[in-house]
Amino acid sequence: MTASNHDLINEIARSLDTGAIIPYLGPDMLSLCNDLQVPATPQALAESMTGKVSVPHKIRKRLTQAAQFIENFKHRKSVVHLMNEAFASTPAPSPLHLALAGSGAGLWVDTWYDDTFAAALAQLPAKGSWAQVQGLSQSEHFGQWTGVYDEDGALLAELPNDVARLLYKPIGSHGPVGNYLVSDSDYVEVLTEIDIQTPIPAAVQAWRSGRNFLFLGCRFDDQLTRCFARQIMKRSSDRHWAVLPDEPTRMEARFLQEQNITRIDMPLAQFADALMDAMQPALAA
């Protein structure tokens, strides 16, 4: 690890302790888990679904298109059932999941469907109550963009003022009731409104103001991931970081530059170890 990376990681650890950073988690966070039994990439999820329901060969590895085909020719319930099966297992949170859950961050954005980070928050009751806000499919919840759930999975009418920790799942989650944005039509509905921030919870919009984002396990090599990240980051600070060991694509590099995201060129597992070492004094407090 270079001296510059060492200094940067120490700075990130301090900022996590003070709540100045919002961790933004992608599917590759699951690569840190030892007992992985859920799909960890969009392609793996598409193959899981199309291994059980026949779809045209050309879309077998294209998640949103495959989900749309199943929704059109089977039923929306078939999509939800396949998603629930794919994410029925909850991977044990990795040490980094637990470290982030125990940090001073008050908001975490988790952009995959597994319940791993919710399990990490549940293991730290001494840190205060927590709740989660999930994106909802308009095909199932027309006119309602998000659902709010307490730490026990109960549906809430609104987010309580005294919640100390908030998990935001913009594309839904397996737990507690199987809310998923996964088909083409799911995303079309959200993308028609996301520019004016309608699908983004007010609590998220308020919390992000002036704060930095730390992207972990994310790629920005497709339009959907870039669009969601751009809109969730809107009106935050002008300095962010992304752990991205693979050489960025042309569109990724342009996105990083546009959003003032500094690339940290390290494998995620190596970064995780270095960050946790830097966070030790705060976690022990």
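On a predicted model such as this, the values are computed, not experimentally measured, just so you know. (Residues numbered from 1 in each chain as written. Predicted model: local features only at pLDDT ≥ 70, side-chain atom pairs only at ≥ 80, totals over all residues. Heavy atoms only, no water.)

J.: Would you mind going over the packing of aromatic side chains with me for this structure?
T.: The geometry of an aromatic ring pair comes down to the distance between the two centres and the angle between the two planes. Applying the stated rule across the entire model yields 12 aromatic pairs. Judged by centre distance (6.0 Å) and plane angle (80°), the rings of Phe87 and Trp112 are edge-to-face. With Phe87 in the loop between helix H4 (76–86) and helix H5 (95–101) and Trp112 in the loop between strand E2 (107–110) and helix H6 (116–122), this residue pair connects regions lying 25 residues apart in the sequence. Relative to Phe215, the ring of Phe213 lies with its centre 6.1 Å away and its plane at 20°, an arrangement referred to as stacked. For Phe213, a relative accessible area of 0% gives the class buried. Among the aromatic residues, those joined into a ring-pair cluster are Tyr24, Phe213, Phe215, Phe220 and Phe255. Here the basic side chain of Arg211 rests over the ring of Trp207, its NZ or CZ set 3.5 Å away from the ring centre. (Phe/Tyr/Trp six-rings, centres within 6.5 Å; stacked < 30°, edge-to-face > 60°. Helix = DSSP H or I, 4+ residues; strand = E, 2+ residues; numbered from the N terminus. Buried < 20%, exposed > 50% of the residue type's maximum accessible area, 1.4 Å probe, protein only. Lys NZ or Arg CZ within 6 Å of the ring centre and 35° of its normal.)

J.: Looking at this structure, how should I read the state of the cysteines?
T.: In a disulfide, the sulfur atoms of two cysteines are held together by a covalent bond. In this structure the tally under the stated criterion is zero disulfides. This cysteine, Cys33, is not joined by any disulfide, and Cys218 carries the nearest cysteine sulfur, 14 Å off. Cysteine Cys227 is unpaired, with the sulfur of Cys218 as its nearest cysteine sulfur at 15 Å. For Cys227, a relative accessible area of 14% puts it in the buried group. (Disulfide = S-S within 2.5 Å.)

J.: When you look at the sheet that holds strand E9 (residues 212–216) in this model, what are you seeing that I'm missing?
T.: Through backbone hydrogen bonds, the strands of a sheet pair up, either in parallel or in antiparallel fashion. Spatially, the nine strands line up as an open sheet ordered E5-E4-E3-E6-E2-E1-E9-E10-E11, and their pairing is mixed. Single-partner strands in this sheet number two, and they are strand E5 (155–156) and strand E11 (261–264). Looking at chain direction, E2 and strand E6 (residues 165–169) are connected through three bridges and run parallel. By the bridge assignment, Val109 is partnered in E6 with Tyr168. (Pairing = 2+ DSSP bridges.)

J.: What should I look at first to understand the environment of Asn260 in this one?
T.: Tracing the chain through its elements places Asn260 in the loop between helix H10 (250–258) and E11. We classify Asn260 as partly exposed; its relative accessible area is 43%. Considered as a pair, Asn260 and Arg239 are 21 residues apart in the sequence and their alpha carbons are 5.6 Å apart. Asn260 has contacts with Asp238, Arg239 and His240, leaving out every residue within four places of it along the chain. (Contact = heavy atoms within 4.5 Å.)

J.: Sorry if this is basic, but what is going on with the side chain of Ser94 here?
T.: Tracing the chain through its elements places Ser94 in the loop between H4 and H5. In terms of polar contacts, Ser94 uses its side chain to reach the side chain of His97, at 2.7 Å. Excluding residues within four positions of it along the chain, Ser94 makes contact with Leu32 and Cys33. (Polar contact = N/O pair within 3.5 Å; in protein donor to acceptor, adjacent residues only side chain to side chain.)

J.: What is the right way to look at unusual backbone geometry in this model?
T.: Excluding glycine, a negative phi dihedral is what most residues carry, and trans is how most peptide bonds are arranged. Looking along the chain, the bond that leaves Gly175 and enters Pro176 is cis, with omega of 0°. Residue placement: Pro176 occurs in the loop between strand E7 (172–173) and strand E8 (179–180). Of note, the phi angle at Arg235 is positive, near 65°, even though the residue is not glycine. Here Arg235 lies in the loop between helix H9 (223–233) and strand E10 (240–243). For Arg235, a relative accessible area of 59% puts it in the exposed group. If you check the backbone angles, Asn260 has positive phi at about 55° while not being a glycine.

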